[in-house]
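Structural features, examined
Below are the chains, spelled out letter by letter.
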Amino acid sequence: MLLILRTIIVIIYSILICVFGSVWCLFSPRDPRHVATFGHLFGRLSTVFGLKVELRKPEGAENYGNAIYIANHQNNYDMVTAAKIVQPSTVTVGKKSLLWVPFFGPLYWLTGNLLIDRDDRAKARGTIGELVDQFNRKRISIWMFPEGTRSRGRGLLPFKTGAFHAAVAAGVPIIPIVVSNTHDKINLNRLKNGLVIVEMLPPVDVKAFESVSVRKLATHCRELMAAKLEELNAEVAEREKNGKSDRRAVRRTILHGCHTAWQ
């Protein structure tokens with residue numbers, strides 16, 4: 001029953017956001033400020049899924065300039081976890097087929113996100129050039145998933161180098177974002193599905209890697225994110241374990257109090 005109720009709420013909410021959002025964006029189409037606005041609105045669905053999402057940012061993160069944000073890509077729940085930390089004037093890079101997703105596709109394009117054809121290498125390289133041009137023309141940041149696909153419980157996959165080539169070419173920092181594990185964590189028939197931590201790491205200065213290969217920059221960032229992911233998963237497991245122990249203790253205290261009252 002809970003699964004059906006959640007499904008209905010998510011479908012209705014998503015359609016409303018997409019339809020009214022698309023109309024709203026028609027007044028200022030392709031404005032990158034829209035992405036964070038609607039990303040945060042989708043992030044509110046985390047409550048519907050029974051998730052407590054905790055956000056962590058370095059001090060002064062609101063004042064970062066042009067940058068490329070990279071995040072681990074686990075599954076479709078990234079839409080309600082990672083989306084909550086998207087910074088203003090940040091656009092994402094997605095595959096061109098997203099444009100044809102009913103309701104969502106038009107909103108994705110109108111908010112200013114960039115679409116690439118992953119099957120066409122020449123066009124994909126052209127997109128890197130477009131990213132650099134965007135950085136040169138205005139205050140904008142780019143959000144990319146360097147794994148290139150959803151990991152679906154396989155851990156942090158190898159990184160593709162597109163995001164890192166763009167960062168070096170544009171001379172902007174890389175800012176890693178790590179989301180603790182959500183694979184097999186969410187049961188739609190369960191009321192509460194626990195804690196998810198989304199942490200933004202300090203910027204990585206790409207200038208320090210100008211004399212080495214872009215692959216080494218990608219490897220460095222992946223190592224930072226892998227270590228942080230392991231750390232966050234351990235923290236979530238510990239906190240959820242302690243939370244369950246505390247709830248059991250509270251229940252035992254209540255039951256004991258009721259038993260004493262009846263005596």
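Residues numbered from 1 in each chain as written. Predicted model: local features only at pLDDT ≥ 70, side-chain atom pairs only at ≥ 80, totals over all residues. Heavy atoms only, no water.

**Thoughts on the pairing of strand E3 (residues 90-95)**
Our working rule: Throughout this description, buried means an accessible area under 20% of the type-specific maximum (1.4 Å probe, protein chains only), exposed means over 50%, and partly exposed covers the range between. Only runs of H or I of at least four residues qualify as helices and only runs of E of at least two qualify as strands under DSSP, and these elements are numbered from the N terminus. Two strands qualify as a pair provided that DSSP identifies no fewer than 2 bridges between them. Seen with its strands pointing away from the viewer, a crossover is right-handed if its path from the first strand over the helix to the second goes clockwise.
Among the six residues that make up E3, five are buried, leaving the element largely enclosed by the rest of the structure. Note: E3 against strand E5 (residues 141-144), three bridges, orientation parallel. Within E5, the residue paired with threonine 92 across the bridge is tryptophan 143. One ladder, built from three bridges, connects E3 with strand E4 (residues 114-116); its direction is parallel. Bridged to glycine 94 within E4 is leucine 115. Regarding topology, helix H4 (residues 104-110) serves as the crossover connection from E3 to the parallel E4, and that connection is right-handed.

**Considerations on the layout of surface pockets**
Put simply, the rule is: Two kinds of site are reported from a 1 Å grid over the protein atoms alone, namely cavities, where a 1.4 Å probe fits but cannot get out, and pockets, open sets with protein on both sides within 12 Å along at least five of seven lines, and residues are called lining when an atom falls within 4 Å of a point. Grid points are joined across faces, edges and corners, and a volume is the space filled by probe spheres set on the points. Three residue categories are used. Nonpolar comprises Ala, Val, Leu, Ile, Met, Phe, Trp, Tyr, Cys and Pro, charged comprises Asp, Glu, Lys and Arg, and polar comprises the others, including Gly.
In this structure, the largest pocket encloses a volume near 1100 Å³. Put simply, the parts of the chain that give the lining of the largest pocket at least two residues each are helix H1 (2-25), helix H2 (33-43), E3 and H4. Tallied by class, the residues present in the lining of the largest pocket amount to 24 nonpolar, eleven polar and four charged.

**Focus on the sheet that holds strand E1 (residues 52-56)**
Selection criterion: Here an axis means a line fitted to C-alpha atoms, over the contact stretch when the element is a helix, while the angle between two N-to-C directions is reported on a 0 to 180 degree scale. Residue contacts are counted whenever heavy atoms from the two residues lie within 4.5 Å of one another.
Strand order in the open sheet made by the seven strands is E1-E7-E6-E2-E5-E3-E4, with mixed pairing throughout. Looking at which strands have only one partner, the edges of the open sheet turn out to be E1 and E4. Averaged over all neighbouring strand pairs, the angle between strand axes comes to 20°, with direction disregarded. In the packing of helix H6 (residues 162-170) onto the sheet, the strands contacted are strand E2 (68-71), E5 and strand E6 (174-179), and the crossing angle to E2 comes to about 160°.

**Remarks on the packing of aromatic side chains**
Worth spelling out the cut-off: Aromatic contacts are taken between Phe, Tyr and Trp rings whose centres are within 6.5 Å, Trp giving its six-membered ring; a plane angle under 30 degrees counts as stacked, one over 60 as edge-to-face, and the others as tilted.
For the structure on display, the rule yields five aromatic pairs. Between phenylalanine 104 and tyrosine 108, the ring centres sit 5.7 Å apart and the planes meet at 40°, which makes this aromatic pair tilted. With a gap of four residues between them, phenylalanine 104 and tyrosine 108 both fall in helix H4, about one helical turn apart. Relative to phenylalanine 145, the ring of tryptophan 143 lies with its centre 6.2 Å away and its plane at 75°, an arrangement referred to as edge-to-face. Here tryptophan 143 falls in the buried class, since its relative accessible area comes to 4%. An aromatic cluster of at least three residues, connected via ring pairs, comprises Phe42, Phe104 and Tyr108.

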